[in-house]
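Residue-level structural notes
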Amino acid sequence: MRLFEIYTSIQGETQYAGLPCTLVRFAGCDLRCGYCDTPQAFAGGEERPVDAVVADIEARAVRLVLLTGGEPMLQPDLGQLARRLLDRGFEVMVETSGSHDVSRLPREAVKIVDVKTPGSGEAHRMDWQNLARVEPKDAVKFVLTGEEDYRFARRIIEEHRLAGRVQLLLSPAWGLVAPKDLVAWMLRDHVPARLNLQLHKYVWGADATGV
């Protein structure tokens, strides 16, 4: 597996925001979203066997684990890693762009599927079948670069009947959408979703890495 970094911090986003978490970031991504805040993970990293990654996670003694990237679904052994962690009693999340079939992951793993909005520049890459593969414990996330993206997210939520079927996360792209504006839109339209801020950026600053 091509590992970019592994560290223990709080989970900065999703329905698990604020909880202690070990974050495993893999190198490599096949998308180039305009708002990406981890372009350093597009390349580089080092090859690590699954056994070594599991041992590192176990040594940290934090039961919540996020597998992210880059794009973690590009790792051929990702499903094996998730299964081994689950079998050891870890709670496992996988955050993915949504452009790869998440059904190859263990069902018990929590899938965080990022629906690419028009503002990302990569909306055409979405595997829409993933919205039928998610379950109530999973989340569908929209990173919004403006009100057009917000309207897009509302339409997708309605067309795919996601409300009440999965966790819904609306994320203001850092520096592009003011959180207070997104809150106003959500309250105005009674959107059944959660405001999803990047807590780590508020704690350590927007440019901090490895936190």
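Residues numbered from 1 in each chain as written. Predicted model: local features only at pLDDT ≥ 70, side-chain atom pairs only at ≥ 80, totals over all residues. Heavy atoms only, no water.

Scanning all chains against the criterion turns up 23 salt bridges. With a shortest N-O distance of 2.9 Å, aspartate 37 and lysine 201 are connected by a salt bridge. Here lysine 201 lies in helix α6 (residues 199-204) and aspartate 37 lies in the loop between β2 (20-26) and β3 (46-47), a separation of 164 residues in the sequence. Exposure remark for lysine 201: the relative accessible area of 8% places this residue in the buried category. Two residues, aspartate 189 and arginine 154, come together in a salt bridge whose shortest N-O distance is 3.4 Å. In this pair, aspartate 189 is assigned in helix α5 (residues 179-189) and arginine 154 in helix α4 (residues 147-159), connecting sequence segments 35 residues apart. Here arginine 154 falls in the partly exposed class, since its relative accessible area comes to 27%. (Salt bridge = Lys/Arg side-chain N within 4 Å of Asp/Glu carboxyl O. Helix = DSSP H or I, 4+ residues; strand = E, 2+ residues; numbered from the N terminus. Buried < 20%, exposed > 50% of the residue type's maximum accessible area, 1.4 Å probe, protein only.)

Taken together, 9 strands build an open sheet; the order of strands is β3-β1-β2-β4-β5-β6-β7-β8-β9 and the sheet is mixed. With one partner strand each, in any of the chains shown, β3 and β9 (194-195) form the two edges of the open sheet. In this sheet, strand β8 (residues 167-172) lies alongside strand β7 (residues 139-144) in parallel orientation, the contact comprising 6 bridges. Across the sheet, the residue bridging to phenylalanine 142 is leucine 170, located in β8. Seen against the sheet, helix α2 (residues 78-87) touches β2, β4 (64-68) and β5 (91-96) and runs at an angle of roughly 180° to β4. Packing against the sheet, α4 makes contact with β6 (110-115), β7 and β8, and its axis sits at approximately 160° to β7. (Pairing = 2+ DSSP bridges. Contact = heavy atoms within 4.5 Å. Axes fitted to C-alpha atoms, helices over the stretch in contact; angles between N-to-C directions.)

For the rest of this paragraph, the subject is the packing of helix α1 (residues 50-60) against α2. The relative placement of two packed helices is expressed as an angle between their axes plus a distance between the axes. Between α1 and α2, whose axes approach to 10 Å, the crossing angle comes to 40°. Classified by chirality, the crossing of α2 by α1 is right-handed. On α2, the residues that touch Val50, Asp51, Val53, Val54 and Ile57 of α1 are Gln80, Leu81, Arg84 and Leu85. Residues of the contact of α1 with α2, tallied by class, amount to 6 nonpolar, 1 polar and 2 charged. (Left-handed = near helix turned anticlockwise from the far one by under 90°. Nonpolar A, V, L, I, M, F, W, Y, C, P; charged D, E, K, R; others polar.)

This brings us to the environment of arginine 60. Here arginine 60 lies in helix α1. C-alpha of arginine 60 to C-alpha of glutamate 135: the two residues are 75 residues apart in sequence and 29 Å apart in space. Filtering out sequence-adjacent residues up to four positions away, arginine 60 remains in contact with Ile6, Tyr7, Thr8 and Thr22.

Bringing the pairing of β6 into the picture now. A regular strand places its side chains on the two faces of the sheet in alternate fashion. Within β6, 6 of the 6 residues are buried, leaving the element largely enclosed by the surrounding structure. The alternating pattern of β6 places Val110, Ile112 and Asp114 on one face and Lys111, Val113 and Val115 on the opposite face, and all of these are buried. By the bridge criterion, 4 bridges tie β5 to β6 in an arrangement that is parallel. Residue pairing across strands places methionine 93 opposite valine 110, the latter belonging to β6.

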